[in-house]
Amino acid sequence: PDTPATAPPAPPVVPGPDLTALTDSNAAALLTAYGQQHPAREVALHTRHGTMRIRLYDDTPIHTANFLLLSRKGVFDETVFNRVVKGFAIQGGTSDHRTIRIREYRLHPEIRPQHFHKRGAVGMARYDGKVNPGKLSSNNDFYIVQGQQLTPAQAQAAAGRTLTPEQLQTYATLGGTPSLDGQYTVFGEVVEGLDVIDKIAAEPVDTDKWPKKDVDIKVKVLP
């Protein structure tokens, strides 16, 4: 007799809020609780140019929990680096091929003066303009700073706030994009694989700054 067909195994259930149920008003509470129940502080972001190890910050609990949730749910694995501006930043988290349903909720800002836009800083994009005076972050569009080395005078002139001597020194030696300081939430930094940023930033792009050859993203939460 024919062997009965067996159904494929169901995908593992990933704990955490339903991505279609998150809203601007409930995201902070749900994500904070999720981060407390399922903490982690590092992820590995894999690309065809290599891997970046990213450390997430404790004092940006909403953004950190959100990044962990979307990583574990596989959202970022269906996205690419979709905006690349050499000497400035590489932005990812969007794709024309995403199948996982997710609501476009926004995150309350967690802008901390000690977290600035040095090379390797990881921040969340946001919707600009008068419709977003609260500097609410996107839920899935993140960026990683490449930036440039700047003299202390150049860095201070570009920043929208007073920089510490240590920050000025970092912008001079490591580089960064101080014009973003105080405007966007920085919630992590690349601690290994800074060279991968440069390789992605060197990709040929179209008129929309989208790489002509997709740079796919795979994110794994590290224990």
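Residues numbered from 1 in each chain as written. Predicted model: local features only at pLDDT ≥ 70, side-chain atom pairs only at ≥ 80, totals over all residues. Heavy atoms only, no water.

Undergrad: Sorry if this is basic, but what is going on with the layout of surface pockets here?
TA: To find the voids left in a structure, one rolls a probe of water-molecule size over its atoms. Here the largest pocket is characterised by a volume of approximately 230 Å³. For the largest pocket, the lining is made up of 13 residues, of which Arg83, Gln91, Ala125, Tyr143 and Tyr184 are closest to its centre. At the level of elements, β3 (80-85), β4 (89-94), β5 (121-126) and β6 (137-145) are the ones that each hand at least two residues to the lining of the largest pocket. Broken down by element, the lining of the largest pocket gets its largest block of residues, three residues, from β6. Considering only residue class, the lining of the largest pocket consists of eight nonpolar, two polar and three charged. (1 Å grid on protein atoms, 1.4 Å probe; cavity = no way out; pocket = protein on both sides within 12 Å on 5 of 7 lines; lining within 4 Å. Points joined across faces, edges and corners; volume = space filled by probe spheres on them. Helix = DSSP H or I, 4+ residues; strand = E, 2+ residues; numbered from the N terminus. Nonpolar A, V, L, I, M, F, W, Y, C, P; charged D, E, K, R; others polar.)

Undergrad: Please explain the nonpolar core as it appears in this structure.
TA: For soluble globular proteins, the rule of thumb is that nonpolar side chains tend to be buried together. Ranked by internal contacts, the top residues of the largest apolar core, which has 40 residues, are Met52, Phe81, Phe142 and Ile144. Residue contributions to this core peak at six residues, all from helix α2 (residues 61-72). The next biggest cluster of nonpolar side chains, apart from the first, holds eight residues, and it includes Ala121, Tyr143, Val145 and Val186. (Core = buried A, V, L, I, M, F, W, Y, C linked by side-chain atoms within 4.5 Å. Buried < 20%, exposed > 50% of the residue type's maximum accessible area, 1.4 Å probe, protein only.)

Undergrad: Before we go on, may I ask you to explain the sheet that holds strand β1 (residues 42-47) in this structure?
TA: Whenever strands of a sheet pair, they do so through backbone hydrogen bonds, lying parallel or antiparallel. Read from one edge of the open sheet, eight strands run β3-β4-β6-β5-β7-β2-β1-β8, paired in antiparallel fashion. A strand with exactly one partner marks an edge of an open sheet, and here the two such strands are β3 and β8 (218-221). Here the strands of the sheet are splayed against their neighbours by 30° on average, with no regard to which way each runs. Both β5 and strand β7 (residues 186-192) contribute to a ladder of three bridges, which runs antiparallel. In the strand pairing of β7, Val122 is matched with Gly188. Relative to the sheet, helix α5 (residues 194-201) contacts β1, β2 (50-56), β3, β4, β6 and β7, its axis offset from that of β2 by approximately 120°. (Pairing = 2+ DSSP bridges. Axes fitted to C-alpha atoms, helices over the stretch in contact; angles between N-to-C directions. Contact = heavy atoms within 4.5 Å.)

Undergrad: Got a minute to help me understand the packing of helix α1 (residues 27-37) against α2 in this structure?
TA: Packed helices, taken two at a time, are described by their axes: the angle between them and the distance between them. The N-to-C vectors of α1 and α2 enclose an angle of 75°; their axes lie 8 Å apart at closest approach. Our classification of the angle between α1 and α2 gives roughly perpendicular. Across the interface between the two elements, Ala28, Leu31, Thr32, Tyr34 and Gly35 from α1 touch Ile62, Ala65, Asn66, Leu68, Leu69 and Arg72 from α2. For the contact of α1 with α2, a count of residues per class yields seven nonpolar, three polar and one charged. (Parallel < 35°, antiparallel > 145°, perpendicular 65-115°, else oblique.)

Undergrad: Whenever I open this one, the packing of aromatic side chains confuses me. Can you help?
TA: Each pair of aromatic rings is reported with the distance of its centres and the angle of its planes. Going through the model one piece at a time under the given rule, you end up with seven aromatic pairs. On the basis of an interplanar angle of 85° and a centroid distance of 5.9 Å, the ring pair of Tyr143 and Tyr184 is categorised as edge-to-face. Linking Tyr143 in strand β6 with Tyr184 in the loop between α4 (165-173) and β7, this pair joins segments that are 41 residues apart in sequence. Across this residue pair, the class does not change: Tyr143 and Tyr184 are buried. Taken together, the aromatic side chains of Phe67, Phe76, Phe81, Phe142 and Phe187 make up a single cluster linked through ring pairs. Seen from the ring of Tyr184, Arg126 lies directly overhead, with NZ or CZ sitting 4.6 Å from the centre. (Phe/Tyr/Trp six-rings, centres within 6.5 Å; stacked < 30°, edge-to-face > 60°. Lys NZ or Arg CZ within 6 Å of the ring centre and 35° of its normal.)

Everything listed here is a matter of geometry and, on its own, says nothing about what the molecule does.
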